[in-house]
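Inside the fold
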Amino acid sequence: MTFEFFSEMARDTAKYPAIGDSIIYPTLGLAGESGEFADKIKKVFRDQGGNIDDATKYALAYELGDILWYVSILSDEIGFELSTIAEMNIDKLQSRKSRGKLGGSGDDR
């Protein structure tokens, strides 16, 4: 599946207030889904001694799908294709790598 096809399907299933003209709802959804992912990881440490079994991997993959859906919708809301955002991120990381700046903090390192 390509990012473009995923984005088309995500947009086709999107239903929220001010769709196409608001980042508020999908931003809150992204935060919620990210929290659900983090909560599953927390429970791995609490209940499974930090060991991620196959069932948990699938549950995490489903949460990542929800996260990807919101990221796709947000990229559309700000006027970028998801593939463009992916390319921009890799370019940024490759630049940091070539300059020895993968560690540390700050957006402009």
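Structure: above.
Since the model is a prediction, treat every value here as computed from it, not as a measurement.

With that out of the way, let us pick up the overall build of the protein. Along its length, the protein carries four helices and zero strands. Counting from the amino terminus, helix and strand elements in the protein follow one another as α-α-α-α. Here the protein has a C-alpha radius of gyration of 17 Å; the compact-globule value for 109 residues is 13 Å, and the former is much larger. Out of the 109 residues in the protein, the part that is buried amounts to 22%. Contacts in the protein between residues at least 24 apart in sequence constitute 59% of all its contacts with a sequence separation of at least 6. With an accessible surface of roughly 7700 Å², the protein has 58% of that area assigned to carbon and sulfur atoms. Mean positive and mean negative side-chain charge positions of the protein (13 and 19 charges, respectively) differ by 9 Å.

Next up on the list: the environment of V44. For V44, the location among the structural elements is in helix α2 (residues 24–47). For V44, a relative accessible area of 1% puts it in the buried group. Non-local contacts of V44, meaning those with residues more than four positions away in its chain, are made with G49, G50, N51, I52 and T56.

Turning our eyes to something else, we now look at the packing of aromatic side chains. This model, assessed by the stated rule, comprises two aromatic pairs. Measuring from ring centre to ring centre gives 5.1 Å for Y16 and Y25, while their planes differ by 5°; the resulting arrangement is stacked. In this structure Y25 comes out as partly exposed when scored by relative accessible area, which is 38%. Relative to Y70, the ring of W69 lies with its centre 4.8 Å away and its plane at 85°, an arrangement referred to as edge-to-face. As far as the burial class goes, W69 and Y70 line up, both buried.

This paragraph deals with unusual backbone geometry. Its identity as a non-glycine residue notwithstanding, A18 has a phi of 60°, on the positive side. Within the secondary structure, A18 sits in the loop between α1 (3–13) and α2.

Glancing now at the nonpolar core. Core analysis: the largest hydrophobic core is formed by seven residues, namely F6, A10, A14, Y16, W69, Y70 and I73. At the level of secondary structure, the elements contributing two or more residues to this core comprise α1 and α3 (54–77). Broken down by element, this core gets its largest block of residues, three residues, from α3. For F6, the residues in contact, after removing those within four places along its chain, are M1, G65, L68, W69 and S72.

What follows concerns α1. Along α1, the residues that are buried comprise F6, S7 and A10. Down the axis of α1, the smallest arc covering the buried residues is 100°, so these residues share one side. The outward face of α1, more than 90 degrees from its buried face, is lined by the exposed residues E8 and D12. Check the buried side of α1 and you find it contacts α3 and α4 (82–98).

What counts and what doesn't
- Residues numbered from 1 in each chain as written.
- Predicted model: local features only at pLDDT ≥ 70, side-chain atom pairs only at ≥ 80, totals over all residues.
- Heavy atoms only, no water.
- Helix = DSSP H or I, 4+ residues; strand = E, 2+ residues; numbered from the N terminus.
- Rg over C-alpha atoms; globule rule 2.2 N^0.38 Å.
- Buried < 20%, exposed > 50% of the residue type's maximum accessible area, 1.4 Å probe, protein only.
- Contact = heavy atoms within 4.5 Å.
- Areas by Shrake-Rupley, 256 points an atom, 1.4 Å probe, with all protein chains shown as cover.
- Lys, Arg positive; Asp, Glu negative; His and termini not counted.
- Charge placed at Lys NZ, Arg CZ, Asp CG, Glu CD.
- Phe/Tyr/Trp six-rings, centres within 6.5 Å; stacked < 30°, edge-to-face > 60°.
- Core = buried A, V, L, I, M, F, W, Y, C linked by side-chain atoms within 4.5 Å.
- Arc of directions from axis to C-beta.

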